[in-house]
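Fold and contact review
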Amino acid sequence: MGFPNRIERTVRIERPIEDVWAAITTVEGLGTWFGNSAEVDLRVGGQATLKWEGGHQANLRIERIEEPTVFGYTWGIFGLPEDDARRTYVEFTLLPDGTGTSLTVVESGFAQLAPDEHDKAFNGNTDGWRSELDELVAYLGG
Amino acid sequence: MADQQSEEVAEAVFAALADANRRAILAALTAKGPATVTELAAALPITRQGIAKHLALLTDAGLVSPEPGQGRRVRYHLQSGPMRVAQQYLAALARDWDGPLAALANHLNPPKPVRKA
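From a predicted model like this one, the values you see are computed outputs, not experimental measurements. (Residues numbered from 1 in each chain as written. Chains lettered and ligands numbered in written order. Predicted model: local features only at pLDDT ≥ 70, side-chain atom pairs only at ≥ 80, totals over all residues.)

What follows deals with the sheet that holds strand β1 (residues 35–36) of chain B. All names here are of chain B. Read across the sheet, three strands follow the order β1-β3-β2 without closing on themselves; strand pairing throughout is antiparallel. The strands lining the two open edges of the sheet, one partner per strand, are β1 and β2 (64–66). Here β1 pairs with strand β3 (residues 75–78) via two bridges, running antiparallel. Counterpart to T36 in the pairing with β3 is R75. Strands in contact with helix α4 (residues 48–60) are β2 and β3; relative to β2, the strand with the most contacts, it is inclined by about 105°. (Pairing = 2+ DSSP bridges. Helix = DSSP H or I, 4+ residues; strand = E, 2+ residues; numbered from the N terminus. Contact = placed C-beta atoms within 7 Å. Axes fitted to C-alpha atoms, helices over the stretch in contact; angles between N-to-C directions.)

A word on the interface of chain B and chain A. Opposite the 36 residues of chain B that make contact, chain A presents 35 residues. If you list the elements that add at least two residues to the side of chain B that touches chain A, you get α1 (2–17), α5 (80–94) and α6 (98–108) of chain B. Sort the elements by how many residues they give to the side of chain B that touches chain A and α5(B) lands first, with 13 residues. Among the residues forming the side of chain B that touches chain A, the class breakdown is 18 nonpolar, twelve polar and six charged. (Nonpolar A, V, L, I, M, F, W, Y, C, P; charged D, E, K, R; others polar.)

Let us look at the nonpolar core. Grouped together as the largest cluster of nonpolar side chains are 27 residues, with contacts concentrated most on B:A10, B:V13, B:L29, B:L55, B:L63 and B:V64. Mapped by element, the contributors of at least two residues to this core are α1, α2 (20–32), α3 (37–43), α4, β3 and α5 of chain B. Per-element tally for this core: the top contributor is α1(B), with five residues. Ignoring any residue separated from it by four or fewer positions in sequence, one finds B:A10 in contact with A:F3, B:V85, B:A86 and B:Y89. Judged by nonpolar contacts, the second largest core, of ten residues, contains A:I13, A:F92, A:L94 and B:L108. (Core = buried A, V, L, I, M, F, W, Y, C linked by C-beta atoms within 7 Å. Buried ≥ 20, exposed ≤ 12 C-beta atoms within 10 Å, placed from the backbone.)

Quick look at the pairing of strand β2 (residues 37–40) of chain A now. All names here are of chain A. Of the strand pairs in this sheet, β2 and strand β3 (residues 47–51) are connected by four bridges, and their pairing is antiparallel. Across the sheet, A38 pairs through a bridge with L50, a residue of β3. In this structure, the hairpin formed by β2 and β3 is closed by a connection of six residues, where G45 is found at a positive phi of approximately 95°.

Encoded structure:
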């Protein structure tokens, strides 16, 4: 069936590269076209948070900044718990294109397995609520 | 290769979910916790033989596992690992970049107001 591991899109925008860079890296930009609001600590290792009406939010960890051509971050995989180690990597690449800018976004890493996930998937583990409830019972002296 | 493994795991989940009886069994184990064949047969409109057949398939696929026990007292419980791999697959399908990129282009190039002659 083919596990969709990588998504790639390119759009051409009729604006100079600096404007597009600002739109994808600043609070004013990200909080307007992407989220309904944003917080951005623009440095490698910094966090950015996008919030949407209705309470959904995305936590980005900034991984790559090469102004004004490359902006990369990782974020969690939708549907998986917030503390799951698996994250996808999103990279925006900007290139001058005549009077405008060509913007490519690549998101990759959907098909990764956490190091022990495959074993967990197949080896009859007793993880999950049952063992956590057992631990709670033990903790409470049951 | 992780890709291949992920694909096999996700495929097992989707094959399991393609059958209404297996969905009912997984849903029952999710809602009420580990159960024996007898308990599942009592709770669902599926024969004992049907339950046993589906549980064997789900066990082979790694989606449920039998707890230690004997004969009819063996309880089966869910394995969440494969479901999370299937969730990754669905997350890729559910990721919408076209909408945000259109919004970005629109943000930078506001449509010009249409003037009436």
